[in-house]
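Commentary on secondary and tertiary structure
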Amino acid sequence: MNGRQLLDQEMRNLQQQLAEMGLLVNEAILKAGKGFATKDADAANEVIRNDEVINEKEQQLEQHIIEVIALQQPVTLDLRRVITMIKISADLERMGDHAVVLAKAARSAEKHDIDISLKECEKITQLLSETLTETLEAYGEMNEEKAKKIALKIFSINQLSHQLGKQILSNIVPYPEHVKPISKLFNGIKSFERIGAYTLNICEWVIYLKTGTMVELEEEE
């Protein structure tokens, strides 16, 4: 096996590791979001327990990338790909952290029995899961246009999250005894927005991988 073939094999292995990490994070988002929407403490606890697995996956991927850079010395497109993999794995790990924030907010809501409907969160969770899946597909395909279209979806999801956050805060007046748990619910809603923001980061890395140019995707005024 020559150097080019060996590098290609290593790149496929790295891509597989990244895809596996993406699946784990997506599963965490789905469980945490649905647990948050239904105030399911059992689902929340499972997300919290499994967070360490995501952290380990990121560390393993990062170590593998460092070894590939040191031993194979990739250049141009190959170098951009391994650089973006490091960045994307970090973004995925942070999404996992925010899934934990959602899970802890779900536990708090269940514990304090707060009478606030969070059903809208199920829709937001599903949309975030779909956009993350599409974004990782766009990365594998190096599809710049697809990444830009996904960004528009993320902006719409953020608007839903922002509206829901305002509704949550409006409950502080009728439920002053629950200020702390309601604040945790609000932090949970903000985590939806942060997950969207990290997905947007990955869209930007897709464009960098394809073009070699850094861009910042922003919502139009």
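Reference entry: report on the structure contained in this document. (Residues numbered from 1 in each chain as written. Predicted model: local features only at pLDDT ≥ 70, side-chain atom pairs only at ≥ 80, totals over all residues. Heavy atoms only, no water.)

Brief notes about the overall build of the chain
- Of regular secondary structure, the chain possesses 6 helices and 0 strands.
- In the chain, the order of α-helices and β-strands from amino to carboxyl end is α-α-α-α-α-α.
- Seen through its principal axes, the chain has C-alpha atoms that stretch 70 × 40 × 20 Å.
- Considering only intrachain contacts with a sequence separation of at least 6, the fraction spanning at least 24 residues in the chain is 85%.
- With the model as given, the accessible surface of the chain reaches about 11,200 Å², and the carbon-plus-sulfur share is 50%.
- Charge centroids of the chain, computed over 26 positive and 36 negative side chains, lie 1 Å from each other. (Helix = DSSP H or I, 4+ residues; strand = E, 2+ residues; numbered from the N terminus. Contact = heavy atoms within 4.5 Å. Areas by Shrake-Rupley, 256 points an atom, 1.4 Å probe, with all protein chains shown as cover. Lys, Arg positive; Asp, Glu negative; His and termini not counted. Charge placed at Lys NZ, Arg CZ, Asp CG, Glu CD.)

Structural notes on helix α5 (residues 144-169)
- In this model, α5 (26 residues) spans 38 Å end to end at C-alpha, consistent with the 38 Å of a helix rising 1.5 Å per residue.
- Among all positions in α5, only Ala147, Ile150, Ala151, Ile154, Phe155, Ile157, Ser161, Leu164, Gly165 and Ile168 are buried.
- Each element contacted by the buried residues of α5 is listed here: α4 (120-141) and α6 (179-211).
- The N-cap of α5, judged by a side-chain oxygen 3.3 Å from the amide nitrogen of Glu145 a few residues on, is Asn143. (Expected span 1.5 Å × (residues − 1). Buried < 20%, exposed > 50% of the residue type's maximum accessible area, 1.4 Å probe, protein only. Polar contact = N/O pair within 3.5 Å; in protein donor to acceptor, adjacent residues only side chain to side chain.)

What to know about the environment of Arg80
- Relative to the helices and strands, Arg80 is located in helix α3 (residues 76-112).
- Its relative accessible area of 19% is what places Arg80 among the buried residues.
- Between the C-alpha atom of Arg80 and that of Trp205, which follows or precedes it by 125 residues, the distance is 9.3 Å.
- The contact partners of Arg80, leaving out residues within four places of it in the chain, are Tyr208, Leu209, Lys210, Thr211 and Gly212.

Points about the side chain of Asn55
- Within the element layout of this structure, Asn55 appears in helix α2 (residues 41-72).
- Asn55 sits in the buried class, given a relative accessible area of 14%.
- In this structure, Asn55 is in contact with Glu93 and Asp97, ignoring residues within four places of it in sequence.

Points about the pattern of salt bridges
- A complete count under the given rule lists 12 salt bridges for this structure.
- Lys31 is paired through a salt bridge with Glu46; the nearest N and O atoms lie 2.5 Å apart. Taken together, the residues Lys31 in helix α1 (residues 3-38) and Glu46 in helix α2 connect sequence positions 15 residues apart.
- Taken together, the shared-partner salt bridges in this structure form one network comprising Arg4, Asp8 and Asp78. (Salt bridge = Lys/Arg side-chain N within 4 Å of Asp/Glu carboxyl O.)

Let's talk about the packing of α5 against α6
- Closest axis-to-axis distance for the α5/α6 pair is 9 Å, and the angle between their directions is 170°. It follows from the interaxial angle that α5 and α6 lie roughly antiparallel.
- Taken together, the residues that form the contact of α5 with α6 break down as 17 nonpolar, 7 polar and 4 charged. (Axes fitted to C-alpha atoms, helices over the stretch in contact; angles between N-to-C directions. Parallel < 35°, antiparallel > 145°, perpendicular 65-115°, else oblique. Nonpolar A, V, L, I, M, F, W, Y, C, P; charged D, E, K, R; others polar.)

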